[in-house]
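Breakdown of the fold
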Amino acid sequence: MALTEAQVQKLNIQFKGIPPEEIISWAVKHAETPVVTTNFRPYEVAILHAVSGVRNDIPVVWCDTGYNTPKTYKHAEELIEKLSLNVKLYVPKQTTAHRDAVMGIPQIDDPRHAVFTEQVKLEPFKRAMAEFKPDVWFTNLRKGQTAHRDSLDILSLSKDGVLKVSPFYHWNDTQLDTYLKKYNLPNEHNYFDPTKVLENRECGLHS
């Protein structure tokens, strides 16, 4: 789906306050190769439930860094089964054990941190996007998460021109808690991202 920045801005005005399911239905109707990405962090269940409720066969790209907590892995398996997700798993080319032996998890001021982030997060993501070549990319980006994400909206264009659709962009945690309760959906807050030091630091995929 090819849209200009002006068209995206106009649609964002129209979509503000519209239920996520309607936004997703609109995007699916116009998409040729949609995907949804997830890392099974807190509240990811909302986007997975909403998208799979509109179209269940959409590829769910999971780039697993290999450093998730046991609770996150159990949560992921629960959601995959509960929502019948069409998960496509992507992992780093080097095992976690190998990396731990030669590098470990570098601190943010360590020159190796950029290499680490590329290995565990960016390379698997780029590989997934190169294979699926999506024109629509569903995400659970929300306003207030990072400074960069505050500059986005429900719809935004990636560097490669892919239309990013974040139907819960204007929702806060309280609203999402209500959504999860309404649909009896589980959530898991025990989550670890090895590429971040602070929760509000951008991970690199959306910058």
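All residue numbers refer to position in the chain's written sequence, counted from 1. In keeping with the model being predicted, local features are shown solely for residues with a pLDDT of at least 70 and side-chain atom pairs are shown and tallied solely at 80 or more, while totals for entire chains, interfaces and linings include all residues. Side-chain metrics in this entry use all non-hydrogen atoms of the structure; hydrogen atoms and water are not considered.

1. Quick look at the environment of Val60
For the record, the criterion: The numbering of helices and of strands both runs from the N terminus, where a helix is a DSSP run of H or I of at least 4 residues and a strand a run of E of at least 2. Note on exposure labels: buried denotes an accessible area under 20% of the residue type's maximum, exposed denotes more than 50%, and partly exposed covers the range between, all computed with a 1.4 Å probe on protein chains only. The contact criterion used throughout is that any non-hydrogen atoms of two residues lie within 4.5 Å.
Examined against the element boundaries, Val60 turns out to sit in strand β2 (residues 59–63). The class for Val60 is buried, based on a relative accessible area of 4%. Distance in space between the C-alpha atoms of Val60 and Thr37 is 5.6 Å, their sequence separation being 23 residues. Here Val60 is in contact with Val36, Thr38, Leu48, Leu85, Asn86, Val87 and Lys88, once residues within four sequence places are set aside.

2. Here's the deal with the packing of helix α2 (residues 20–30) against helix α3 (residues 44–54)
So the rule is basically this: Lines are fitted to the C-alpha atoms to define the axes, a helix being fitted only along its stretch in contact, and any angle between axes, read from their N-to-C directions, falls within 0 to 180 degrees. Any angle between 65 and 115 degrees counts as roughly perpendicular, while under 35 counts as roughly parallel, over 145 as roughly antiparallel, and the rest as oblique. Take the far helix as your reference; a near helix turned counterclockwise from it by less than a right angle gives a left-handed crossing, and one turned clockwise gives a right-handed crossing. All residues other than Ala, Val, Leu, Ile, Met, Phe, Trp, Tyr, Cys, Pro, Asp, Glu, Lys and Arg, Gly among them, are scored as polar; the first ten of these are nonpolar and the last four charged.
Close contact between α2 and α3 brings their axes to 9 Å; oriented N to C, the two are set at 50°. Classified by the interaxial angle, the pair formed by α2 and α3 is oblique. Every pair of crossing elements has a handedness; the one defined by α2 and α3 is right-handed. In this structure, α2 contributes Glu21, Ile24, Ser25 and Val28 to the contact, and α3 contributes Ala50, Val51 and Val54. In the contact of α2 with α3, the residues fall into 5 nonpolar, 1 polar and 1 charged.

3. Observations concerning the pattern of salt bridges
As a reminder of what qualifies: Salt bridges, as used here, are contacts in which a Lys or Arg side-chain nitrogen is within 4 Å of a carboxyl oxygen on Asp or Glu.
Under the counting rule described, the total for this entry stands at 7 salt bridges. Of the charged contacts, one joins Lys126 and Glu118 as a salt bridge, the two residues approaching to 3.3 Å between their closest N and O atoms. Judged by relative accessible area, Lys126 falls into the partly exposed class, the value being 48%. Between Lys121 and Asp193 there is a salt bridge, with the nearest N and O atoms lying 2.5 Å from each other. One end of the pair, Lys121, is in helix α6 (residues 113–132); the other, Asp193, is in the segment after α8 (173–182), and 72 residues separate them in sequence. By the burial criterion, Lys121 is buried, and Asp193 matches it. One network of salt bridges, in which partners are shared, links Lys93, Glu123 and Arg127.

4. Brief notes about the side chain of His75
The topology assignment puts His75 in helix α4 (residues 70–82). Leave out the neighbours within four places in its chain, and His75 touches Phe40, Pro186, Asn187 and Glu188.

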